[in-house]
Amino acid sequence: MARTALTREEVLETAAALVKQHGPDALTMRRLAAELATAVTSIYWHVGNRESLLDALVERTVADLSAITPRGRTPAARIVSVARTLRRDLRERPHLVAMVHERGLTERMFLPAQRALAHEVHAAGLRGARAAEAVRAVQVQVVGHVLVERNRERAPVQSPGEVELWQSETTDPPDPALTRALAAPVDPERLFTTSVRALVDGLLRPREDGTPDHGPGERGEASTA
């Protein structure tokens, strides 16, 4: 017996879950109706046709990725927290993010994260072109890391793999601890956090040559906060 009470949000939530798990090709109106125990006509009434549904899922994904709250006691810590949140959000919904990209809304999707990063690099004392460079560098680090992770996950099984290879390798000069570490499985979250922290530390470090934080032809003052 078909259910009588159904909301647009329930339809979008269930549709998003199907796309997350199986990809957009698995999302049919009939399958969605079955998941919701309702009639196909009810789905059409709430979200329109399939293209309208996909458009709504894209808008919902863009909105979901705007909910970024920086955390930490210092600008550097908050920048790292934004990067980690963005990586997690992109990793959790690859199919939905791909749909956003296909509809030409990638830059809009990243704008909230850029705003959050811009606020924090400004709080760290960067201005103008150098601040923009820092924002974009962190964004590229996140996106690049996610792409590498996705490619490794989809690549054929490597035999021998990195772990197996390093079990019989040595470093020059000899460093048993390094060899053991390279022979251990990689912790992607820890590796990402380490790399983004190193990047942020370098971006926020004062330049030794005394070059101002604002770009050529720009005017600004470094923050003393």
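For the structure itself, look to the data block above.
Not measured: the values here are computed from a predicted model.

Calculation notes
- Residues numbered from 1 in each chain as written.
- Predicted model: local features only at pLDDT ≥ 70, side-chain atom pairs only at ≥ 80, totals over all residues.
- Heavy atoms only, no water.
- Axes fitted to C-alpha atoms, helices over the stretch in contact; angles between N-to-C directions.
- Helix = DSSP H or I, 4+ residues; strand = E, 2+ residues; numbered from the N terminus.
- Parallel < 35°, antiparallel > 145°, perpendicular 65-115°, else oblique.
- Left-handed = near helix turned anticlockwise from the far one by under 90°.
- Contact = heavy atoms within 4.5 Å.
- Core = buried A, V, L, I, M, F, W, Y, C linked by side-chain atoms within 4.5 Å.
- Buried < 20%, exposed > 50% of the residue type's maximum accessible area, 1.4 Å probe, protein only.
- Salt bridge = Lys/Arg side-chain N within 4 Å of Asp/Glu carboxyl O.
- 1 Å grid on protein atoms, 1.4 Å probe; cavity = no way out; pocket = protein on both sides within 12 Å on 5 of 7 lines; lining within 4 Å.
- Points joined across faces, edges and corners; volume = space filled by probe spheres on them.
- Expected span 1.5 Å × (residues − 1).
- Nonpolar A, V, L, I, M, F, W, Y, C, P; charged D, E, K, R; others polar.

1. Examining the packing of helix α5 (residues 75–92) against helix α11 (residues 188–204)
- Relative orientation of the contacting elements α5 and α11 amounts to 140°, with a least axis distance of 10 Å. Viewed along their axes, α5 and α11 adopt a mutual orientation that is oblique. Like other packed secondary-structure pairs, α5 and α11 cross with a definite hand, here right-handed. Mapping the contact onto sequence places Ala76, Ile79, Val80, Ala83, Arg84 and Arg87 in α5 and Pro188, Glu189, Phe192, Thr193, Val196, Arg197, Val200 and Leu204 in α11.

2. Here's the deal with the nonpolar core
- One finds Leu27, Leu32, Ile43, Leu53, Leu57, Leu90 and Met109 to be the most contacted residues of the largest nonpolar core, which totals 50 residues.
- Among all residues touching Leu53, those that are not within four sequence positions of it are Leu12, Ala15, Leu27, Met29, Leu32 and Val47.

3. Some words on the pattern of salt bridges
- Tallied over the full model, the rule gives 14 salt bridges.
- Note that Arg91 is salt-bridged to Glu149, the shortest N-O span being 3.9 Å. One end of the pair, Arg91, is in helix α5; the other, Glu149, is in helix α8 (residues 128–154), with 58 residues separating them in the sequence.
- Judged by its relative accessible area of 26%, Arg91 is partly exposed.
- One salt bridge in this structure joins Arg150 and Glu153, with 4.0 Å as the shortest N-O distance.

4. Examining the layout of surface pockets
- In this structure, the largest pocket spans a volume of roughly 560 Å³.
- For the lining of the largest pocket, the elements supplying multiple residues, two or more each, are α8, α9 (162–166) and α11.
- Per-element tally for the lining of the largest pocket: the top contributor is α8, with five residues.
- The computed volume of the second largest pocket comes to approximately 420 Å³.
- Around the second largest pocket, the lining comprises 16 residues; the ones closest to its centre are Pro94, Val97, Ala98, Val143 and Leu147.
- Within the residue set of the lining of the second largest pocket, elements represented by two or more residues are α6 (94–102), α7 (106–123) and α8.

5. A look at α5
- For α5, which comprises 18 residues, the first-to-last C-alpha distance of 26 Å matches the rise-based estimate of 26 Å (1.5 Å per residue) to within 8%.
- Among the residues of α5, Pro75, Arg78, Ile79, Val80, Ser81, Val82, Ala83, Thr85, Leu86, Arg87, Asp89 and Leu90 are the ones counted as buried.
- Those residues of α5 that are buried are in contact with α6, α7, α8 and α11.

6. Things to note about unusual backbone geometry
- Cis geometry marks the peptide bond from Ser159 to Pro160; its omega dihedral reads 5°.
- Look at the link from Asp172 to Pro173: it is a cis peptide, with omega at 5°.
- Within the fold, Pro173 resides in the loop between α9 and α10 (176–182).
- One non-glycine residue, Ala37, adopts positive backbone phi at about 55°.
- Relative to the elements of secondary structure, Ala37 occurs in the loop between α2 (29–36) and α3 (40–47).

7. As for the packing of α8 against α11
- Orientation of α8 relative to α11, taken along the N-to-C sense of each, is 165°, at an axis distance of 11 Å. Classed by the angle they form, the pair α8 and α11 counts as roughly antiparallel. For the element pair α8 and α11, the recorded crossing hand is right-handed. Contact with α8, carried on its side by Arg130, Ala134, Ala137, Val138, Gln141, Val142, His145 and Glu149, involves Pro188, Leu191, Phe192, Ser195, Val196, Leu199, Val200, Gly202, Leu203 and Leu204 of α11 and no other residues of that element.
- The residue inventory of the contact of α8 with α11, partitioned by class, reads twelve nonpolar, four polar and two charged.

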